[in-house]
Amino acid sequence: MVATDRVTAIFADARTVHADALRLLEAGDIRDAAEKAWCATKRATDALILARTDEAPQFSSDTSRGLLRLAEADAAVNPLIGRYYSRQGHLHGECFYHGICEPVAEVERRIRQTADYITDAERLSGHTTAT
C-alpha cells in the first residue's frame, strides 16, 4: 500500500474511532468516550505526520515529537499543538486513566470537537478525503 493510501486509511480510522466516541458519549460512558476521542486524535496526527514526512510514528512519543517538528517547519500546524496536548492530558490522562472527567461539559466539548481536529489535520496533510 502506498503512503497516500495509508494516510487515507488512517484518517478514515480516526473518523471511525471518533464516531465510536460519540456513541459512547451518548450512551453515558464519558470515560471510554474520552479515550476513544484521544485515540482518534492520535490517529489523525499519525496520518498528518505520515503525509508530511513519509514516516509513520511507531509510539505515542514519536507522534508528539513529530507534531512538534511539523509545527517547527510550518507555522500552520501550530494550532494543532495545544489541541493535541489538551486531548492527551485531559481526555487520555485525567479522564480515562484517573477517572477525573470533570467538568463534564468541558470533557464533552473536547470529545465532540475532536471531529474538527481530524478535519484540520487532514487539511494540513494535503489529503481531502473528508466527508
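So, how was this worked out
Residues numbered from 1 in each chain as written. Predicted model: local features only at pLDDT ≥ 70, side-chain atom pairs only at ≥ 80, totals over all residues. Heavy atoms only, no water. Helix = DSSP H or I, 4+ residues; strand = E, 2+ residues; numbered from the N terminus. Buried < 20%, exposed > 50% of the residue type's maximum accessible area, 1.4 Å probe, protein only. Salt bridge = Lys/Arg side-chain N within 4 Å of Asp/Glu carboxyl O. Contact = heavy atoms within 4.5 Å.

(A) Fine view of the side chain of Ser-64. For Ser-64, the position within the fold is in helix α3 (residues 60-73). A residue is classified by how much of its surface remains accessible, and Ser-64, at 9% relative accessible area, is buried.

(B) Structural view of the pattern of salt bridges. The tally for this structure, following the rule as stated, stands at 10 salt bridges. Salt-bridge contacts for Asp-20 lead to Arg-23; the nearest nitrogen and oxygen are separated by 2.3 Å. You can see Asp-20 and its partner Arg-23 sitting in helix α1 (residues 3-26), 3 residues apart, about one turn around the helix. Asp-20 sits in the partly exposed class, given a relative accessible area of 24%. Classification of Arg-23 as exposed rests on a relative accessible area of 52%. Linking Arg-110 and Glu-106 is a salt bridge whose minimum nitrogen-to-oxygen distance equals 3.2 Å. Remark: Glu-106 and Arg-110 occur in helix α5 (residues 104-112); sequence separation between them is 4 residues, near one turn of the helix. Judged by its relative accessible area of 12%, Arg-110 falls in the buried class.

(C) Quick look at the environment of Phe-96. If you trace the backbone, Phe-96 turns up in helix α4 (residues 78-97). Given the relative accessible area of 24%, Phe-96 is considered partly exposed. Expressed as a C-alpha distance, the spacing of Phe-96 and Ala-121, which sit 25 residues apart in the sequence, is 23 Å. Apart from the residues within four sequence positions on either side, Phe-96 is in contact with Arg-31, Asp-32, Glu-35 and Leu-91.

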